[in-house]
Amino acid sequence: ATAALLSWAPPVAAQVDTFDLKEWPVEWGGRTRDPAIAPDGKVWFVGQEGNYIGTLEPATGAQKRYEIEERTHPHTLIVDPKGMVWYAGNRNGRIGRLDPATGEIKTIMTGEAKDPHTMVFDGKGHIWFTSQGSNRVGRLNMATEKVDLVTPNDTPSNPYGIVIDSKGAVWVALLRVGMVARIDPETMALTRFKEGADTSRSRRLHVLKDGTIWFGDEGRGMLGRLNPA
């Protein structure tokens with residue numbers, strides 16, 4: 001009886017998950033997507049079908065729209081440490097840079113990469129990007145505006161998500177062929193890793209500090225982990 005009393009504990013009430021959710025309607029609509037947070041806390045996003053760049057002040061809900069070139073249809077944007085906004089012109093083959101202070105826009109043509117898609121900074125003055133329909137991965141020198149391209153697969157592969165690991169290597173999900181590709185940033189040499197099956201299809205991926213790559217395999221409804229070592 002004594003042991004039973006010592007080990008007894010009162011029942012724990014069922015816990016209900018709670019969280020703070022707030023939404024801001026965007027009056028311009030147009031398929032809002034891919035938000036990025038600027039150093040000053042503003043939230044930037046694109047209106048892909050609406051063909052604009054937008055910003056939101058979370059504290060006040062104030063929004064602002066920036067007009068861009070017709071037929072740009074931006075797919076994504078990223079914000080650099082200086083607050084400059086870079087966006088991918090998915091339908092007119094260019095990457096744009098918006099200066100929020102002046103509203104000035106600079107566009108850089110991406111050559112054979114006719115549909116810039118997803119972008120990432122490498123922390124060394126470059127933007128790496130995928131070009132899905134063009135079967136290209138590109139590197140833009142942000143200072144010189146020089147663009148280098150690599151073809152990640154001999155057949156169309158629809159390069160989609162892109163990340164940089166702690167050693168500077170570039171990892172790309174090749175959606176159409178069920179592979180993950182690694183690009184050496186110095187030589188642009190490629191190494192391809194086949195996913196779990198011929199039916200594997202991955203759009204996005206993420207890299208951990210230990211170098212392992214995680215990817216979503218939408219073709220088979222699974223998560224995958226790649227250990228490059």
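Definitions and limits used
- Residues numbered from 1 in each chain as written.
- Predicted model: local features only at pLDDT ≥ 70, side-chain atom pairs only at ≥ 80, totals over all residues.
- Heavy atoms only, no water.
- Pairing = 2+ DSSP bridges.
- Helix = DSSP H or I, 4+ residues; strand = E, 2+ residues; numbered from the N terminus.
- Axes fitted to C-alpha atoms, helices over the stretch in contact; angles between N-to-C directions.
- Polar contact = N/O pair within 3.5 Å; in protein donor to acceptor, adjacent residues only side chain to side chain.
- Contact = heavy atoms within 4.5 Å.

With antiparallel pairing, the four strands of this open sheet are ordered in space as S5-S6-S7-S8. Two strands bound the open sheet, and with one partner strand each, they are strand S5 (74-79) and strand S8 (105-109). Here the average twist between neighbouring strands, direction ignored, is 20 degrees. Pairing between S5 and strand S6 (residues 85-89): four bridges, direction antiparallel.

Attention now moves to the side chain of Asn135. By the secondary structure assignment, Asn135 is in the loop between strand S10 (126-131) and strand S11 (136-141). A polar contact of 3.0 Å, which involves the side chain of Asn135, links it to the backbone oxygen of Asn153. Separated by 3.4 Å, the side chain of Asn135 and the backbone oxygen of Thr155 make a polar contact. Once residues lying within four places of it in the same chain are set aside, the contact partners of Asn135 are Val150, Thr151, Pro152, Asn153, Thr155, Pro156, Ser157, Asn158 and Pro159.

With that settled, the discussion passes to the side chain of Arg139. You can see Arg139 is positioned in strand S11. A distance of 2.7 Å separates a polar side-chain atom of Arg139 from the backbone oxygen of Pro185. Residues contacting Arg139, with those up to four places away along its chain left out, are His126, Ile127, Trp128, Phe129, Lys146, Val147, Asp148, Pro185 and Met188.

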